[in-house]
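Spelled out, the chains give:
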Number of protein chains: 2
Amino acid sequence: MHVLIIGAAGMVGRKLTQRLVLEGELNGTPISALTLVDVVKPDAPAEFFGRIVTRECDFSAPGEADALIGSRPDVIFHLAAIVSGEAELDFDKGYGINLDGTRYLFDAIRVANQNEGYFPRVVFTSSIAVVGAPLPFPIPDDYHLTPLTSYGTQKAMSELLLADYSRRGFFDGIGIRLPTVCIRPGKPNKAASGFFSSILREPLVGQEAALPVPDDVRHWHTSPRSAVGFLLHATGLDLSKLGWRRSLAMPGVSATVGEQIEALRRVAGEDAVKLIRREPDEMIMKMVAGWAAGFEAKRATELGFTSEKNFEEIIQVHIQDELDAKTT
Amino acid sequence: MHVLIIGAAGMVGRKLTQRLVLEGELNGTPISALTLVDVVKPDAPAEFFGRIVTRECDFSAPGEADALIGSRPDVIFHLAAIVSGEAELDFDKGYGINLDGTRYLFDAIRVANQNEGYFPRVVFTSSIAVVGAPLPFPIPDDYHLTPLTSYGTQKAMSELLLADYSRRGFFDGIGIRLPTVCIRPGKPNKAASGFFSSILREPLVGQEAALPVPDDVRHWHTSPRSAVGFLLHATGLDLSKLGWRRSLAMPGVSATVGEQIEALRRVAGEDAVKLIRREPDEMIMKMVAGWAAGFEAKRATELGFTSEKNFEEIIQVHIQDELDAKTT
C-alpha cells in the first residue's frame, strides 16, 4: 500500500506519519511506500523500511497535483491548509491553497480516474469552522454551513467538491471536521485559539500562560492522538454507509475554560493553576464568540470514531505523548 | 441607476427585463441604463428610454467579468447558469459557468472594490437543488447543504462565496433559492422537471401532455411572476438584517401532482384534465425522489418575499401573463 500525506510537515501530519511508520500497516495491509509533501520539505522518518519520498510543493500551482499523484497512491491524506488567521489576512493565499489547491488535486484524480480507472481513498481534513454563530448547542449533524471566516468558507466549499466528486465516482472521499486540537504540543503560536492549549501546556511544565477570555467560554476539543485516530479510522470505513453526505463532525469534548482549569487542578494541582494569568483580550473574545461550543456528532460516533470523554483524559494524553515521551 | 442582468436571454431574465422596462425604476430611482448579457445576444426591449447595451459573453472566460462590470452597474442580477441536466452531462461546462464564471464575476467586483470603492448590490439566483434527499418536510432554513447534482454543488459553493465576499465588504450580496418555476411558458423542454409545467400548460391550450411520475409526488413551486418579484424585492432590502447568512429559501407552493391536477380541473374543467397522459418514466421518478417537497422559508417570509398560496393562483398567473396577454 502506498500512502500520500499532503501537509505532512504540520503538527497533525507529523503525528500521522509517526503513527503510520510505527504501525507499518493500514487496515491490515503493509505500507510499502510513503510520500510526504508540504510547502517545506518534510523530514523523512528514519525508522521506515519501505520506499519513502519527501518533497516540497506549492499546492496552489496548477500542474503540481499531477506530480503528487504521479505514483498513484492508494490512500491520500489531504491535510494542507492555510490556517484561519492567515487566510483572513491574505485573501489570495487562502483561496489559492485551500480552495484552488484542493480542486487541482481532486481534478488530477478525476482525470486519472477517467483515463485509467484510478480510484484512491481521499481523507480530507475539514474543520468546525464550516459553521459560525448564531449556533445551537449541541450542533446537529444536519446543521447548515455558516462559516464566518474565509478559511471556513474554503473548507465548506471543499467539502461540497469532495461530495460531488465522490458521487460521480472519481474517488472515494471522506471529510473529517476536526474539533480544535488540544493540547497542541510545541511553542505558543499566534492562532486565536492558541490559548486553549497554552493555559494547560505551559503550567504543566511550570511556565506562565495568558488567558484572554472569561472562564465561561465553551468550545469543542479533541487531542492530537484522537485527531490522528480519526484520520486512520476514515481509511478503513465502507463509505457507502455515508451516502453522499461525505463530511462528518467528529466527536470531542465540549468544555468551558473553567472546566479545563478544573481538570488541570485535578491533574497538576493548585500551583499549576496559579500560573494562568487572566489577560482579557477584546479581539479574541469577539472571535471566539462566533465559534462552536459542541456537536452532537451522532453519525461519526455510530461509525466508530472516538475521542476523549473529558479534559482530564485530554491532559493525560498530552502527558503521555509529549512529556513522558521526552523524559524516557 | 444602472442595472446589469447576466443571463438576460433566459426565461426569468427576459421577464425581469420586461418588468424593469415597464416600471422604469427600481426602489424609486429611475433606471437610466440597462446592460443585458447572455451566451446569445439578448433582444433589446424597444420600449426602454434609457441607455441600453446588449452583448454576447462567454461567462466562463477569464477577463470577461471585467468587461461586464466595466461601466460599474449599481445592481447586478446574476442569473447565468448551465442547468441541472446539462451540468450533470458536461462536467467541465457546468463547473466552468456555474462556479468559475461566478467566481470571476465576484473577483472582478472585489478588485474594483479594493481599487476604487465600487460596491454594487449583487442578486444571485441559487436553487432548491442545494439540498437533496433524505430531506425533512418542510425543510427548515438552517438545514444543511446536501446537493445531489453537480449543478446543486456549484450553486451551494457560489452561495458560500457570495456570503464570504459580502462579509469581507467587497459587495452587498443576496442569494435567492428559487423554487421550481411553474408554469414555464413556451415549448416543452427536456428538463427532468419540465412535466410539472407541461401537464398544466399544454391542457390549458387543448394539447396533450405526458405525466411521468405518480400523483403523490410532492414538490415546491412558484410562478415566473413571483420569481421576478423575489429578484426585485431583493434589490431594496437592508441586507444587514440577514447577517452573513446571505442565501434564502424563497416562499412557494408545496403541492402534489394530484393537487396540481385538481387545480387544473377547477380552473379549466374535466376536458383539460383528460389531456394528461400517464406515462411512467423510471429515470424521472428516481431523480424526482431526491428533490425537495417544500421549505419553511421563514426568514424570507419575514423579510417580505411573497409567492402564490396555491396552484389555482399559479395557473391564473399563467393565464393572465401568457394566454390573455397574447390574445389582447
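Residues numbered from 1 in each chain as written. Chains lettered and ligands numbered in written order. Predicted model: local features only at pLDDT ≥ 70, side-chain atom pairs only at ≥ 80, totals over all residues. Heavy atoms only, no water.

Draft legend 1. Representation of the packing of aromatic side chains. In this structure the tally under the stated criterion is 24 aromatic pairs over all chains. Ring centres of F91 of chain A and Y95 of chain A lie 4.7 Å apart, and the angle between their planes is 40°; this geometry places the pair in the tilted category. Here the residue F91 of chain A and the residue Y95 of chain A both occupy positions in helix 4 (residues 91-116), the gap between them amounting to four residues, near one helical turn. Ring centres 6.0 Å apart and planes at 50° place the aromatic pair W220 of chain B and F295 of chain B in the tilted group. Here F295 of chain B lies in the loop between helix 10 (282-288) and helix 11 (298-302) and W220 of chain B lies in strand 11 (residues 218-222), a separation of 75 residues in the sequence. The burial state of W220 of chain B is the same as that of F295 of chain B; both residues are buried. (Phe/Tyr/Trp six-rings, centres within 6.5 Å; stacked < 30°, edge-to-face > 60°. Helix = DSSP H or I, 4+ residues; strand = E, 2+ residues; numbered from the N terminus. Buried < 20%, exposed > 50% of the residue type's maximum accessible area, 1.4 Å probe, protein only.)

Draft legend 2. Structural detail: the interface of chain A and chain B. Listed per partner, the contact involves 36 residues of chain A and 36 residues of chain B. Interface area for chain A against chain B, summed over the two sides, is near 3000 Å², with a carbon-plus-sulfur share of 52%. Interface area lost by chain A to chain B is led by F91, L160 and R245 of chain A, which between them contribute 22%. There are eight salt bridges connecting chain A and chain B. (Contact = heavy atoms within 4.5 Å. Buried area = accessible area lost by both parts, 1.4 Å probe. Salt bridge = Lys/Arg side-chain N within 4 Å of Asp/Glu carboxyl O.)

Draft legend 3. Highlighting the environment of L200 of chain A. Residue and element names in this part refer to chain A. Within the secondary structure layout, L200 lies in helix 6 (residues 194-204). Among the residues examined, L200 registers a relative accessible area of 0% and is labelled buried. Non-local contacts of L200, meaning those with residues more than four positions away in its chain, are made with C182, I183, Q260, L264, F311 and I315.

Draft legend 4. Local environment of the pattern of salt bridges. Following the criterion strictly, the structure yields 46 salt bridges over all chains and no others. Close ionic contact of R167 of chain A with E88 of chain B constitutes a salt bridge, the shortest N to O distance being 2.8 Å. With R167 of chain A in helix 5 (residues 150-167) and E88 of chain B in helix 3 (residues 84-89), this residue pair bridges two chains. By relative accessible area, which is 18% here, R167 of chain A ends up buried. When its relative accessible area of 24% is taken as the criterion, E88 of chain B is described as partly exposed. Linking R266 of chain A and E312 of chain A is a salt bridge whose minimum nitrogen-to-oxygen distance equals 2.5 Å. Highlighted residues: R266 of chain A in helix 8 (residues 257-268) and E312 of chain A in helix 12 (residues 311-327), separated in sequence by 46 residues. Here E312 of chain A falls in the partly exposed class, since its relative accessible area comes to 29%. Look at the salt bridges and you will find they share partners, linking E88 of chain A together with D164, R167 and R168 of chain B into a network.

Draft legend 5. Seen up close, the sheet that holds strand 11 (residues 218-222) of chain A. Residue and element names in this part refer to chain A. Reading across from one edge, 9-11-13 is the order of the three strands in this open sheet, with mixed pairing throughout. Edge positions in the sheet fall to strand 9 (180-181) and strand 13 (253-256), since each has one partner strand and no second. Across two bridges, the pairing between strand 9 and strand 11 is parallel. The residue bridging T180 from the neighbouring strand is H221, located in strand 11. Helix 7 (residues 224-236) contacts strand 9 and strand 11 of the sheet and is inclined by roughly 65° relative to strand 11. (Pairing = 2+ DSSP bridges. Axes fitted to C-alpha atoms, helices over the stretch in contact; angles between N-to-C directions.)

Draft legend 6. How the structure looks around the sheet that holds strand 1 (residues 2-6) of chain A. Residue and element names in this part refer to chain A. In space, the seven strands of this open sheet follow the order 5-4-1-6-7-8-12, with parallel pairing throughout. Both edges of this open sheet fall to strand 5 (51-56) and strand 12 (247-249), since each of them pairs with a single strand only. On average, each strand axis in the sheet is inclined to that of its neighbour by 15°, with strand direction left out of account. Here four bridges tie strand 6 (residues 75-78) to strand 7 (residues 121-127), and the two strands are oriented parallel to one another. Bridging from a neighbouring strand, V75 pairs with R121 of strand 7. In this fold helix 4 packs onto strand 1, strand 6 and strand 7, with an angle of close to 170° to the strand it touches most, strand 6. Along the sheet, helix 7 contacts strand 6, strand 7 and strand 8 (172-178); its crossing angle with strand 7, the most-contacted strand, is approximately 145°.

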